Each structure stands twice: as structure tokens, then as C-alpha cells.
Amino acid sequence: MSKIVVFVEHTAGAVTRASIEALGAARTVSEDVTAVLAGEGAQAVAATLGSHGATRAVALDAAGASRDALAADVAKVVREQGAAAFLACATSTARDIAPRVAALVDSVLFSDCTGLTAEGGALRVTRPWLAGKVIATLESSGPVLCATLRRNTFAPFEGGGAAEVIAADASTDFKAVLKGIAAKAGGKLDVSEAPVVVSGGRGLKEAEHFAMLEELAAAFGNAAVGASRAVVDAGWRPHGEQVGQTGKTVSPQLYIAVGISGAIQHLAGMKTSGTIVAINKDADAPIFKIADYGLVGDAFEIVPALTAAVRELKAQG
Ligand SMILES: Cc1cc2nc3c(=O)[nH]c(=O)nc-3n(C[C@H](O)[C@H](O)[C@H](O)COP(=O)(O)OP(=O)(O)OC[C@H]3O[C@@H](n4cnc5c(N)ncnc54)[C@H](O)[C@@H]3O)c2cc1C
């Protein structure tokens, strides 16, 4: 059976949802999954990873080490385990670590993958290419299949168990020190993490009208507001909210596109969402081609009605 090493992240003493998904993905193809994690409190978090599918967890004593040193330590674990695959969820930290690990184990990295299979002993990943027009199935020609996985795409492992915890010394040979990571003000959910994303486009006419989407997102309670590039370029919304080819890739359970035409570059960032709802006054808007539910009409009438309906349903419990 193929051994798999998964890079795990944690914040405030708890494993992140993204890493739980990466462990879940690993368990769909292997029963021998080693989690590797670092930073303050890594050992305590390591002890909880059995419940998410890890069979062992290597806790590196590496609080503050730079990413190059951390990647070297993670690559060492990959080699020591004789792993056939190295996986991480496609967070900003993992996007920094994973290419370095891939290089250190003489492999290439497949980024932002949406599928993982093991057929006849061959591990393969799938990922969208050409702004989502093509889904490529890829096998590594290197010794280790290295991949980052798209968030909200893989299910957590159900079953649980106990993981063997291994405390390991980390490299002290690093060139930079990570002093800390500051949470962004306001505690808002990020579009790439939220289970529900309500995105607005030029059809909202002006920046102030995004208040309508903020209200709908607040009614859901677990939603983030996203934006098309047109409105980001216009300065209506920050770039951190942009969804698409030159923005963030999102894959929430529910994506609501309001006044967004559905240009290919926008679709590239959201077409793998679970359920897609489009609200647009133009019945021929391309967004309707990929929408599961389409509402043809004026966003200024539909969105407040939808917000009221969500609030009512929430009130009913
Ligand atoms: C290299 C490159 C990279 C790009 N990257 C991205 C990217 O990452 N993300 C991205 O989004 N775009 C990206 N774009 C831009 C993309 O091509 C589109 O221009 C952009 O997505 C259009 O934004 P929009 O849908 O908000 O605006 P529009 O295309 O102007 O669409 C507005 C929509 O609102 C509807 N509407 C108007 N009034 C109402 C109303 N009252 N109620 C309901 N609907 C209404 C209209 O019918 C229309 O469909 C990129 C382009 C290039 C060339």
C-alpha cells in the first residue's frame, strides 16, 4: 500500500479545516498516512490527528523556522517514510512549502488538484487546466507524487483512530525567522475558506450596493463576500475578495453570483463550487450555462427577498 505524507497546519491549538480535508483525501487512497506539522503546540495537535485519518504524526520542534528550513524538514520526513505521495491543502503557507518539498525529493508539484485516485497501484491526481476548459489526469514521473489540493473539495475522514505521535528535532539551519502571523482585522471569513460565497459583479452598479450582499452573507452566517475582477478594478472591493483566474480559486458548498456575467476568467475560479446560483437580469448571460439554479431578474429585488427568506429559515432553526 502506498504511504502518504500530509503537511498539516494548525491555528490556536486546532488543526485547520484545510488540513482535515487533505488528511481525508489521503485516506481515500491509503491507510498509511503520516501527518507532519510544526510550530508552537504541534505536539498537542499531533495527538488529535488520528481522529482525522493520520496513522502517525511527526511534530517538528520548529516554531519560527523559515519556510526553506521547514520544507527541508518535511522533505526529510517524506524520504524517511518512503512515501509515494506528499499532499498539502492549497493554502498560502502550503503553496510556499510544497514546491520546495517537491524539488527536494526530486519530483514536480501538481498544484490545486481536485481529484486523487489510486488505480492498480498508480496514484493520480486531476486538476483543471486552461481556465477549467480541460480536466487533466496526471501521474508523477518523479519518485513522489507531490500535490496541493483545492480547498472545500475533499471530504474529511470519518472513522477516526489514534495516531502514533513522533517528536522530531527541526533543522536550525535557516536564513529567516517567522516572527508571527497577524489575523486580518474584522475577523471576516476569507472567500477561499467560507462554505458559502456571495459574489457581486458590475451589475451591482456601485460600491455602496455591496451592502446588500454583506447582509445576505450575514444572514447565512457562514458566508464571505466575493467579487468579480471588474468591480475590484473599479476599486469597489479589495483584491483579496476577487474570484477567478487572477484572483482566488474558491470551491464553497454554495456560490451565489449576483450581477456577474460569467466570463471564462471568473468561471475558472468558482466552477467547482458545490451548488451555483446565478442572479442576472440577462437571461443569456453565460453564467447561467454553469448555474444549478438561475434567477433571471433584477438583483435589487431578488437579493433583499432572498436575504429575508434566509433569515426566516434560520429563525425557524
Ligand atoms: C487575463 C485576464 C484575467 C482576468 N481575471 C479575472 C478574474 O480573476 N476574475 C474575474 O471575475 N474576471 C477576470 N477577468 C475579467 C473578465 O474577463 C470579465 O471582464 C469580468 O469577469 C466581468 O465582470 P462582471 O461579470 O462583474 O461584469 P460584466 O461582464 O459587465 O457583467 C455584469 C453583469 O451584470 C448583469 N446585470 C446588470 N444589472 C443587473 C441587475 N440590476 N440585476 C442583475 N444583473 C444585472 C448584466 O446582465 C451582466 O451580465 C480577467 C480578464 C483577463 C483578460
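Report on the accompanying structure. Bear in mind the structure is a predicted one, so any value in this text is a computation, not a measurement.

With that settled, the discussion passes to the sheet that holds strand 4 (residues 32-38). An order of 7-11-6-1-4-5-12 is seen for the 7 strands of this open sheet, with the pairing classed as parallel. In the strand order of this sheet, the two ends are held by strand 7 (109-113) and strand 12 (164-169), each with one partner. Averaged over all pairs of adjacent strands, the angle between their axes in this sheet comes to 20 degrees, without regard to strand direction. Bridge analysis of strand 1 (residues 3-7) against strand 6 (residues 85-89) gives 4 bridges, and the strand direction is parallel. Bridged to Val-5 within strand 6 is Phe-86. Together, strand 1, strand 4, strand 5 (56-61) and strand 6 form the strand contacts of helix 3 (residues 67-81), whose direction differs from that of strand 1 by roughly 165 degrees.

Next up on the list: the sheet that holds strand 10 (residues 134-138). Ordered by their spatial adjacency, 3 strands build an open sheet running 8-9-10, and the pairing between neighbours is antiparallel. Looking along the sheet, the strands with just one partner apiece sit at the ends: strand 8 (115-119) and strand 10. The mean angle between the axes of side-by-side strands here comes to 25 degrees, regardless of whether they run parallel or antiparallel. Pairing analysis gives 5 bridges linking strand 8 to strand 9 (residues 122-129), with the strands arranged antiparallel. Along strand 9, the bridge assignment pairs Ala-118 with Leu-123.

Bringing the site of the ligand into the picture now. The ligand sits among 26 residues. The nearest are Ser-228, Thr-246, Ser-261, Gln-265 and Asn-280. Within the contact set of the ligand, an oxygen atom lies 2.8 Å away from a backbone nitrogen or oxygen of Arg-202. One of the backbone N or O atoms of Val-243 is found 2.8 Å from a nitrogen atom in the ligand. Relative to its free-state accessible area of 990 Å², the ligand is covered by the protein chains to the extent of 76%. Judged by the fraction of its atoms near the pocket grid, the ligand is located in the second largest pocket. When residues of the shell around the ligand are traced back to their parent elements, those giving at least two are helix 6 (229-233), helix 7 (264-267) and helix 9 (299-315). Among the residues making up the shell around the ligand, the classes are represented as 6 nonpolar, 14 polar and 6 charged.

What counts, and at which threshold
- Position numbers for residues count from 1 along each chain, tracking the sequence in the order it is written.
- Confidence filtering applies because this is a predicted model: local features only for residues at pLDDT of at least 70, side-chain atom pairs given and counted only at 80 or more, and all residues used for totals across whole chains, interfaces and linings.
- Side-chain figures throughout are based on the complete set of non-hydrogen atoms in the structure, without hydrogens or water.
- A strand pair is defined by DSSP finding two or more bridges across the two strands.
- Secondary structure elements follow DSSP: runs of H or I no shorter than four residues count as helices, runs of E no shorter than two count as strands, and numbering proceeds from the N terminus.
- Lines fitted to the C-alpha atoms define the axes, with helices restricted to the stretch that makes contact. Angles between their N-to-C directions range from 0 to 180 degrees.
- Note on definitions: a residue-residue contact is assigned when non-hydrogen atoms from the two residues lie within 4.5 Å.
- Here a residue is considered near a molecule or strand provided that any single heavy atom belonging to it is located within 4 Å of it.
- Nitrogen and oxygen atoms within 3.5 Å of one another constitute a polar contact, given that in protein one can donate a hydrogen and the other can accept it, and given that sequence-neighbouring residues count only through two side-chain atoms.
- Residue exposure ignores everything except the shown protein chains as possible cover, and the areas themselves are Shrake-Rupley values with a 1.4 Å probe.
- Using a grid of 1 Å spacing that covers the protein atoms alone, one calls a set of points a cavity when a 1.4 Å probe fits there but cannot get out, and a pocket when the set is open and has protein on both sides within 12 Å along at least five of seven lines; lining residues are those with an atom within 4 Å of a point.
- Here the criterion for a molecule occupying a pocket or cavity is that more than half of its atoms lie within 2 Å of the pocket grid points.
- Residues are grouped as follows: nonpolar covers Ala, Val, Leu, Ile, Met, Phe, Trp, Tyr, Cys and Pro; charged covers Asp, Glu, Lys and Arg; every other residue, Gly included, is treated as polar.

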